[in-house]
Amino acid sequence: MNTILLLNGLVGGVIFGAIYALIGCSLNVLCGVLRVVNFAHGEFIIAGSFLSYVLLTLFGLHPILSLPIVTIAFFLIGFGLYYLLIPRLAKSDEPETSSFLLMFGVSLMMIAAMMWIFEADIRAVEFSFDPINVSLLVIQDAYGEGRDGRVIVPTARLVALGINALLIIVLTYFLYRTLTGKAIRAAIMNREAIQIVGINIHSLSASAFGLAAALAGITGVVLAFVVPSIDPNGGQDISLIGFIIIVLGGLGHPVGALIAGILFGLVEQIATVFLPQAAAQMLGFIILITVIFVRPQGLMGRMTLR
Amino acid sequence: MAKSGTIKPDDFSEEISAQRLKSSLWYTIITVLILSCFLVPLQDGNLSFMFSLMMWVTLATGINFIAGFTGYMPFGYVAFYGIGTYVTAILVKVLGVSEYLAVPAAGLSGILLALLFAPTLRLNGIFFAIVSLSLAVVCQRLMSLLPEEITGGSHGLNLGVATDRTHGYYAMLIIMFVALVSASWLGQSRLGKALKAIRDDPDAADAMGIHVSRVRLYAWIMSAFFAALAGGAQAWFTGALDPITAFDVLITAKTVIYAMAGGLGTIIGPVVGTVTLVWIDEIVWQQFPVLNNFLLGLIITLLILFMPRGVVGSLMQHFPHLRKYIM
Amino acid sequence: MIPKIVLQLKGLNKSFGGLLAVKNVDMLVNESSISGLIGINGAGKTTLMNCISGIYRADSGSLDIMGVSCLNWSPHDIARLGVGRTFQIPRIFKRINLIDNVMVPALNDNTDNKTLYERATECLDKVKLYDLRHNNAEELSGGQQKLLELARIMMFNPRIILLDEPFAGVNPTLCRLMIERIKELKEQGKSFLLVSHDLTSIYQLSDHIYVLNQGQVISEGNVDYVRNDPEVIEAYLGNA
Ligand SMILES: Nc1ncnc2c1ncn2[C@@H]1O[C@H](COP(=O)(O)OP(=O)(O)OP(=O)(O)O)[C@@H](O)[C@H]1O
Ligand SMILES: [Mg+2]
């Protein structure tokens, strides 16, 4: 019986872990290129969920089909937001801390705006796949005679996992094989040098901001597959998980965040199986604090930031 | 030794009189503030509003010790406030201790928590901010996880009629007074100078013989102490608390905004910023409850982008002769 | 008379990842003397200074300051032993005024405010920054910041002074003023370790010179010896 619980935890862990990985990865693209820690990331994600919700309720567009729209819209928003917010930051006394505060302000505005439009209640996203659930594994007579144990996953979650896996592959390919991706990685490693090489740091940074926003939007849509209800106040919890992931994986280290995200998802989901929920939630923070004191550069990061 | 002889002979006495001018201006402001707060209950004024004004002044002054003087931005500042409310409420409700003892005990608990969190001061910049925020969330979750008989779980505690609002009000007044006096002492002390040096360049201050981690710890403890006291007075005054509101990130946010709007690192700034914004909040924003947080966010964003040193700080930056008057 | 040794390094090593920035360096600084330290960019001069002043942790070796073995002590403890330093890129306290800047190293002293203040104004006067005393340090030019660092060191009044490129970006007149001040301090019994690319000043000031190349001391001796050492010419001026 415990095996079934454990297996369920594992499957859940991979599904949530992939989402966390994506969240961490996009946060780290920003953090690496711009030295900006996006406090509003959770709100971007929720906004992504809401956009797909709106498209679904107004036009009956299936969330999978809304993905390209969300991607493009969020990329443009992020791109514009960069020019609106970031260049001025460089002039402040402590750009890193200021960026955190700045994005905190943005997050407050986004929460308020979403609360105003959608009101405080939690919206259910109503769409379904056929069949609703997939049974991955059946263990016969697990609970006694004739009562089989099953590892069951909602189809929507499997689809989410599929999309996530695809995104992660595309993202890795983008970062390691394409010119822009390589430029972004170069900027993470050495911001000064890249300007000398003749790359326009502003348009590159704006693209990175756009990319991170687009990823957040997609995460929002995918999140609605996994947890089909949207809470305008839920962003902060998501951001917090994102921070845990990027600190675990190393600040400004996209691939580190991918690994840390999946690990964290597994630990969290397995912990929910065996511990009370609040304790399982605290586990994340305890891991975070331990890692910060034992290995402040993160699991795979080098000490890149000062 | 070659002396160019440009030094004015009475330089130091000039400096002293400049200091006096600054302090007298500052103490005038404090006196006006304290007096008007003192008189409110006697005249049946808006007690709740004045209470929250005093609380925010205390918090903004408190966060200034660490954020303004050492450059550390504790995103989980609310942890100290929250622990103060809880310690007071538990002592009063569960152990039957008098409020007069419970609130100072809350202050001590703030100091203890600050010592517990002191290792986080080794981190810098964004790491510190993230960890501090997480610690506040940990405190919040912990309070709702503890047995209901102690913390009241997720419902919190209700002190009911056990507490006297007016007494809580005057407790807050005293706490605010002590906070402001401490701030003015710090502003002129050598400790304050050392702290500002650390804020501007910790490594250089270290190389100049300043024990950076110890000095910073003093500021951290002062910061925590006043937040916890403010939390304690809040529990006394309102008589009810729950984990969500006691550890709300918005409390940190407002504290930071008020302090920053006035000018972190100056003594007067956080007071000016708080009084102005809390009034605006009362008069204007309450008309638009939905937009309240939106405006809050907008103000943070605008402040960071256009006036990171706040009103007082920018004035001092652009009009150097004002430095003579501003503490 | 044998001069008193105030600072002694033996076999100091410091690496960054795979890069050995300081290799097995031995060094002596005598009381009331100026030891010059020269070497091409990236030779390891600043790293060496950071190891002495405790900002970097050295990998191995020993450091003796006035008879106290103090390798890898924290910077403030080294400072309290009587070692003051300036930085290659000036590190001033930008949001406080010049007087407070200069006062920082003396904040722990047991003197009254008046004496402290007067000493601070004197130090500022000696580097011609007195008129700017109420300005915030961020309002100074790069060269003026170098002067402020010198004033801060004078206020500090340590036994040993480490100067990292004090003349960089300072105009010739003020450079001469700085040289004057350095000589004065030496007369008062201070010992210096002086890093500079300005060879004329180094040759003029130093009693002893160390030449660093790729983290190693490749030559040392008095000015005349080092100037004519073919290895130095090769490493420092060669292929130019
Ligand atoms: N913090 C650091 N991390 C990694 N490598 C470093 C660090 N500081 C210095 N180095 C390396 O150590 C070597 C010595 O540097 P150092 O700054 O000591 O040179 P320097 O002699 O002071 O040069 P310059 O004349 O340009 O000031 C260089 O190769 C440099 O790249
Ligand atoms: Mg150097």
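Look up: the structure comes first, before these words.
Not measured: the values here are computed from a predicted model.

Caption draft 1: Structural context of the overall build of chain B. A tally of helices and strands in chain B yields 15 helices and two strands. The C-alpha atoms of chain B give 20 Å as radius of gyration, which agrees with the globular expectation for 327 residues (20 Å, within 12%). A principal-axis box enclosing the C-alpha atoms of chain B has dimensions of 75 × 45 × 40 Å. With 327 residues in all, chain B has 60% of them scored as buried. Partitioning the intrachain contacts of chain B with sequence separation of at least 6 by distance along the chain shows that 79% fall at a separation of at least 24. Surface summary for chain B: the accessible area is close to 12600 Å², and the carbon and sulfur share equals 68%. Across chain B, the 18 positively charged side chains and the 17 negatively charged ones have centroids separated by 10 Å.

Caption draft 2: Spotlight on the coordination of the magnesium ion (ligand 2). All names here are of chain C. Around the magnesium ion (ligand 2), the protein supplies Thr-46 (OG1) and Gln-88 (OE1) as donor atoms, at distances of 1.8 to 2.1 Å. Placement of the pair is Thr-46 in helix 1 (residues 45-52) and Gln-88 in the loop between strand 6 (83-85) and helix 3 (98-103), with a sequence separation of 42 residues. Taking relative accessible area as the criterion, Gln-88 reaches 35% and is therefore assigned partly exposed.

Caption draft 3: Expanded view of the packing of aromatic side chains. All names here are of chain A. Following the criterion strictly, the structure yields 32 aromatic pairs over all chains and no others. An angle of 45 degrees between the planes, with centres 6.2 Å apart, marks the rings of Phe-16 and Tyr-20 as tilted. Highlighted residues: Phe-16 and Tyr-20, both in helix 1 (residues 2-34), separated by four residues, approximately one helical turn. The pair formed by Phe-16 and Tyr-20 is uniform in burial state, with each residue classed as buried.

Caption draft 4: Spotlight on the sheet that holds strand 9 (residues 208-213) of chain C. Residues and elements named next belong to chain C. A sheet is described by the order of its strands in space; here six strands give the open sequence 6-7-8-3-9-10, paired in mixed fashion. Of all the strands in the sheet, the pair left with one neighbour each is strand 6 and strand 10 (216-221). Averaged over all pairs of adjacent strands, the angle between strand axes in this sheet comes to 20 degrees, irrespective of strand direction. Across five bridges, the pairing between strand 9 and strand 10 is antiparallel. Paired with Val-211 across the bridge in strand 10 is Ser-219. Across the sheet, helix 1 is in contact with strand 3 (34-38), strand 6, strand 7 (160-164), strand 8 (191-195) and strand 9; its angle to strand 7 comes to roughly 150 degrees. Strands strand 3, strand 7 and strand 8 of the sheet are contacted by helix 6 (residues 172-187), whose axis makes an angle of about 150 degrees with strand 8.

Caption draft 5: The arrangement of the pairing of strand 1 (residues 5-16) of chain C in detail. Residue and element names in this part refer to chain C. Where strand 1 and strand 2 (residues 19-30) come together, eight bridges link them in antiparallel fashion. Pairing of Lys-14 across the sheet is with Val-22, part of strand 2. Hairpin geometry of strand 1 and strand 2 is characterised by an intervening segment of two residues between the two adjacent antiparallel strands and by a positive phi of about 55 degrees at Gly-17. Pairing of strand 1 with strand 4 (residues 60-65), which is carried by five bridges, proceeds in the antiparallel orientation. Its bridge partner lying in strand 4, Leu-9 is registered against Leu-63.

Caption draft 6: Molecular detail of the pattern of salt bridges. In total, this model carries 13 salt bridges over all chains according to the counting rule given. Here B:Asp200 makes a salt bridge to B:Arg199, at a shortest N to O gap of 3.0 Å. Residue classification places B:Asp200 among the buried positions, given a relative accessible area of 15%. With a relative accessible area of 9%, B:Arg199 lands in the buried category. Taken together, the shared-partner salt bridges connect B:Asp201, B:Asp203 and C:Arg91 into one network.

Caption draft 7: Helix 14 (residues 292-306) of chain B, seen in detail. With 15 residues, helix 14 of chain B extends 21 Å from end C-alpha to end C-alpha; this agrees with the ideal 21 Å at 1.5 Å per step. Among the residues of helix 14 of chain B, B:Asn292, B:Leu296, B:Gly297, B:Ile300, B:Thr301, B:Leu303, B:Ile304 and B:Leu305 are the ones counted as buried. The elements touched by buried residues of helix 14 of chain B are helix 3 (63-89) and helix 4 (95-118) of chain A together with helix 12 (249-262) and helix 13 (268-283) of chain B.

Caption draft 8: Just the site of ligand 1, in detail. Residue and element names in this part refer to chain C. Close contacts around ligand 1 come from 14 residues, with Gly-42, Lys-45, Thr-46, Thr-47 and Gln-88 the closest. Within the side chain of Lys-45, an N or O atom sits 2.7 Å from an oxygen atom of ligand 1. A distance of 3.1 Å separates a nitrogen atom of ligand 1 from a polar side-chain atom of Tyr-56. For ligand 1, whose free accessible area comes to 630 Å², the fraction covered by protein is 64%. Secondary structure elements with two or more residues in the shell around ligand 1: strand 2 and helix 1. Counted by class, the shell around ligand 1 contains six nonpolar, seven polar and one charged residues.

Definitions and cut-offs
- Residues numbered from 1 in each chain as written.
- Chains lettered and ligands numbered in written order.
- Predicted model: local features only at pLDDT ≥ 70, side-chain atom pairs only at ≥ 80, totals over all residues.
- Heavy atoms only, no water.
- Helix = DSSP H or I, 4+ residues; strand = E, 2+ residues; numbered from the N terminus.
- Rg over C-alpha atoms; globule rule 2.2 N^0.38 Å.
- Buried < 20%, exposed > 50% of the residue type's maximum accessible area, 1.4 Å probe, protein only.
- Contact = heavy atoms within 4.5 Å.
- Areas by Shrake-Rupley, 256 points an atom, 1.4 Å probe, with all protein chains shown as cover.
- Lys, Arg positive; Asp, Glu negative; His and termini not counted.
- Charge placed at Lys NZ, Arg CZ, Asp CG, Glu CD.
- Donors = N, O, S within 2.8 Å, 3.2 Å for Na, K, Ca; no water.
- Phe/Tyr/Trp six-rings, centres within 6.5 Å; stacked < 30°, edge-to-face > 60°.
- Pairing = 2+ DSSP bridges.
- Axes fitted to C-alpha atoms, helices over the stretch in contact; angles between N-to-C directions.
- Salt bridge = Lys/Arg side-chain N within 4 Å of Asp/Glu carboxyl O.
- Expected span 1.5 Å × (residues − 1).
- Near = heavy atom within 4 Å.
- Polar contact = N/O pair within 3.5 Å; in protein donor to acceptor, adjacent residues only side chain to side chain.
- Nonpolar A, V, L, I, M, F, W, Y, C, P; charged D, E, K, R; others polar.

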